[in-house]
Amino acid sequence: MNINGLDISYIPFTTRGSWTVVNYLKSDYYVSYFGSFGDDAHSTQADKTPFITTPGLYLRSVKSSVQDYNMEITRFTPLIDGKPVEYSLDSTFSCIKIITSAGNIQMTYQDDQTLLIKGVGKNLGLLMEYALDGRIAYTLPVHCPEGTYYKIHHTFGSSQHDRFGLYVQKGNISSELEWNDHSHSTCTKCNYICNEDNGEFLLAIHDMDRYQWPEPKGPYDFEAAEKNMNEAFQKFHHSMPVLPTEYDKIKELIAYIFWGAVVRPLGFLKRDTVLITKNVVCYTWGFEAWLIALGLFETDFQLAYDQLLTLFDSQNDIGGIPHMIGDTLQDFNHQMPPNIGYIVGKMMERYNFSRKQLDELYEKISRYTWYFLNYCDSDQNGLCEYMHGNDACNDDDIIFAADNGVTSPDLSTYMILQMDTLAKIATKLGRWREASMWEKLSAKMVNTLVETLFDPKTHLPFALNTYTKKRIDGATPLLFTPLMLGKRLPKECRDAIIHELKTKKYITPYGLASEAIDSPTYEANGFFRGPIWWTQTLSTVDGLYKCGEPKLARQLAKAYMDLYKNTEKMAECYNAETGEALKNCGYVSGSATFMILGRFYLDPPVQDFSAT
C-alpha cells in the first residue's frame, strides 16, 4: 500500500476529543506489537484475542470495552462499478484521500463524534463492512423527521456494545445483511454500499453515546469541516513552545499526536483526557499522564492541568489511585511510581499556579503520598516497595526478574522529590508546620536510602527483596535514578554511579539502553531489557544535570530527540543498537519526553557543584 503524507499505518487519523480513529492496518499491525514481548508472546497473547490481520482501511474505536476484543468498527473498500479496486492513500492532518482510477474518496471529521466521507467520480462507490471476520454486528433503520439513518450495534464479548449511526446526505445506499437463523438478534453479515449520485456521495458515520441520534441530518459541508479541523489543529500546533529549528518538522507531528490523543469526557473519565496512544492499549496511566502534563503545560495549560488530576478523580478513601483508567475501566491491580511531585515541581519553575490550584494539588498529592508511606512499606524500614515490576512503569526490568516485593532506589527517589514539592506548596500556602514536616520526612528518607540501598564499599545502588532482604543487582539504569537528588546524594555515591554509567555499556550512539548491552540478559527487542525508553532517559538526564554532568546529559537528551526526528514514528521504545522503532507507535508519553528534554534539558544553564 502506497501511503503519502501522514502515515496512518502507525499514526492514527483522528481529531481532538474523538473516541474513533482511521488507520490503514497491515497484516502484522497487532502481531508486531504483542509478538514483540518475547518468542512465545504471539501464541500466548495475540492468538487469544480476535485481532484483525486482514489488511485494509478501518474505522476503529479506542474505548475501553473494545481493547481486548474488536477495535475495528468497519472496513472501507472503494468500488468501481460495484467491484473492489486497488487504491493509494494521501493523508494530511485534516483529511484522508483514497485515490482510485475512477475518482477520489475523502474523509474528515465534522466534530469529535462524526466522520464525514465524500466521494467524487463516475461509478464510484464505497463498501463498509461491519461484521468483520466473524464478529457480531446488527443494524436497525431509524426513521426520523430528517430522513432515515441506520443504527449499527457492535457486540464486544458477552455484554459490551457500541453504537454508530450511518446517514447518507447524497448518494445511494444499499445493504447486504444476513441474520443468524432469522432470529433478527445476530447479524453475521452487515455491509453497506454507498454509490455516487450524479458523480458524488456524502455520508456521515456518528459515534452514538446514547441510544438515539437526535439530529442526523447536517446539512454537512465537507470542505468547511476539513477547514475547521485543520484550523483547530494548527492553532494548537502554533501554540507549542519554540525548539531548535532542526526539530520543526517532527514537532508538528508531535503536536498532532498530542492533539489527536485527546478524548472527550466519558464514563470514568470526567475531563478531557490524553490517552497514551490511540493505536494499541488506549488508556491513560499514572506516571504517564503526569509526564504528558509536563510536556503540554506551555501549549495548553488547562489540558495539562486536567492530566495532573484525571487519575485523582478516582482517588479512594486511603489515598490510592488506579494505575490506569478508560471510559469503562478503573484498574487498581497495580500502581505507578509517584512522580507527580517531580512533575509539579518542574512546572512550578515556569508557571505560577493559582492558590485554588495549589490547594487542590496539595490535598490530593499529600493524601497520595501518605498512601505510600502508610501502605507501601510493609517491612517498616522507612522505604516504600514495589509489589511487581508493573508498579514501577519499568515492567520486566531485570531487578524484577525473580522477585515480587522489591525495595528499589527509584521509588524512594520519587518519594523524596514528591515530599520536596509538597514542602514548597505548603510554604506557598502558608502551612509552615506541614512544610517543615515534609522537609524532615524527605531528609530522613534520603539518609535511609543511602544507608539501606547503597553498597558501603563501592557506593553503588542496588535493590532488595523486601521480605528476604536478599540483595538484587542488575545492569539497569533504573538503579541510577537517585542521581535526581543531585547534591543531596553523597558525592561518593554520585561519582560511583556516573563512573558506572560512563564505563559500562549503557550508552550507544542512539541513547541510553535500559540494560547494558553486554549484560547476559540483554534483549535488543525485549521490553525493559535493552531498548531505549523515555522513562530511564528522562530520569538519567535530569540526574546528570543535577550532579554537574551537563555534557553527557545533553548528549543523551539530544540522542533521544534525534531518534524521534529520524524515525518519525513516535515509538514506545527503540532498539539501542540500531535506533529502530519498537512496540507501540504514535506514543504520547515519549512525545511528552521529547518536549520536556527540549524545553528543560537540551541547553539549560550549567549548575555549579564545585562546593559539593
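Residues numbered from 1 in each chain as written. Predicted model: local features only at pLDDT ≥ 70, side-chain atom pairs only at ≥ 80, totals over all residues. Heavy atoms only, no water.

Things to note about the overall build of the protein chain
Now for step 1: Counting its secondary structure elements, the protein chain contains 14 helices and 29 strands.
Now for step 2: Taking 612 residues into account, the globule formula puts the C-alpha radius of gyration at 25 Å, and the protein chain, at 26 Å, falls close to it.
Now for step 3: If one aligns the C-alpha atoms of the protein chain with their principal axes, the spans along those axes are about 80 × 50 × 50 Å.
Now for step 4: Counting only contacts in the protein chain whose residues sit at least 6 apart along the sequence, the fraction spanning at least 24 positions is 67%.
Now for step 5: Taken as a whole, the protein chain presents about 23,400 Å² of accessible surface, with 48% of it coming from carbon and sulfur.
Now for step 6: Both charge centroids of the protein chain, one from 57 positive and one from 75 negative side chains, sit 5 Å from each other. (Helix = DSSP H or I, 4+ residues; strand = E, 2+ residues; numbered from the N terminus. Rg over C-alpha atoms; globule rule 2.2 N^0.38 Å. Contact = heavy atoms within 4.5 Å. Areas by Shrake-Rupley, 256 points an atom, 1.4 Å probe, with all protein chains shown as cover. Lys, Arg positive; Asp, Glu negative; His and termini not counted. Charge placed at Lys NZ, Arg CZ, Asp CG, Glu CD.)

Points about the packing of aromatic side chains
In this description, a pair of aromatic rings is defined by centroid distance and the angle of the planes.
Now for step 1: Summed over all chains, the structure comprises 37 aromatic pairs.
Now for step 2: Relative to Tyr601, the ring of Phe600 has its centre 6.3 Å away and its plane inclined at 45°; by these criteria the two rings are tilted.
Now for step 3: Residue classification places Phe600 among the buried residues on the basis of a relative accessible area of 6%.
Now for step 4: Among the aromatic side chains, those forming a connected cluster through ring pairs are Phe287, Tyr414, Phe527, Phe528, Trp533 and Trp534. (Phe/Tyr/Trp six-rings, centres within 6.5 Å; stacked < 30°, edge-to-face > 60°. Buried < 20%, exposed > 50% of the residue type's maximum accessible area, 1.4 Å probe, protein only.)

Some points on the pattern of salt bridges
Now for step 1: In this structure the tally under the stated criterion is 31 salt bridges.
Now for step 2: For Lys491, the salt bridge identified is with Asp495, shortest N-O distance 2.7 Å. Residue Lys491 and its partner Asp495 are located together in helix 11 (residues 491-503), separated by four residues, close to a single helical turn.
Now for step 3: Assessed through its relative accessible area of 41%, Lys491 is described here as partly exposed.
Now for step 4: Here the salt bridges do not stand alone but share partners, grouping Lys63, Asp112, Asp207, Asp209 and Arg264 into one network. (Salt bridge = Lys/Arg side-chain N within 4 Å of Asp/Glu carboxyl O.)

Focus: the packing of helix 8 (residues 355-375) against helix 10 (residues 432-453)
Now for step 1: At a closest axis distance of 14 Å, the pairing of helix 8 and helix 10 adopts a crossing angle of 35°. Regarding helix 8 and helix 10, the two cross each other, and that crossing is left-handed. Residues Tyr362, Ser366, Thr369, Trp370 and Leu373 of helix 8 form the contact with helix 10, whose own contacting residues are Glu434, Met437, Trp438, Leu441 and Met445.
Now for step 2: Looking at the contact of helix 8 with helix 10 residue by residue, the class counts come to seven nonpolar, two polar and one charged. (Axes fitted to C-alpha atoms, helices over the stretch in contact; angles between N-to-C directions. Left-handed = near helix turned anticlockwise from the far one by under 90°. Nonpolar A, V, L, I, M, F, W, Y, C, P; charged D, E, K, R; others polar.)

Describing the environment of Leu25
Now for step 1: Along the chain, Leu25 turns up in strand 2 (residues 20-25).
Now for step 2: Residue class for Leu25 comes out buried when judged on its relative accessible area of 0%.
Now for step 3: Remark: the alpha-carbon pair of Leu25 and Arg75, spanning 50 residues in sequence, is separated by 9.9 Å.
Now for step 4: In contact with Leu25, other than residues within four places in its own chain, are Tyr30, Ile52, Thr54, Pro55, Gly56, Tyr58, Arg60 and Glu72.

Things to note about the sheet that holds strand 29 (residues 581-582)
Now for step 1: Ordered by their spatial adjacency, three strands build an open sheet running 27-28-29, and the pairing between neighbours is antiparallel. At either end of the open sheet lies a strand with only one pairing partner, and these are strand 27 (532-533) and strand 29. (Pairing = 2+ DSSP bridges.)

Some thoughts on the UniProt feature "domain: Mannosylglycerate hydrolase MGH1-like glycoside hydrolase" (unreviewed entry) in the protein chain
Now for step 1: When the UniProt feature table is mapped onto this chain numbering, "domain: Mannosylglycerate hydrolase MGH1-like glycoside hydrolase" (unreviewed entry) sits at residues 283-584.
Now for step 2: Measuring from the first to the last C-alpha atom of residues 283-584 gives 13 Å, for a span that is 44% helix and 8% strand. (UniProt positions renumbered as here; feature names shortened; annotations may be inferred.)

What to know about helix 6 (residues 301-309)
Now for step 1: For helix 6, a buried count of eight out of nine residues is recorded, marking the element as mostly surrounded by other parts of the structure.
Now for step 2: Considering only its buried residues, helix 6 is in contact with strand 17 (262-263), strand 18 (273-274), helix 5 (288-296), helix 7 (340-348) and helix 8.

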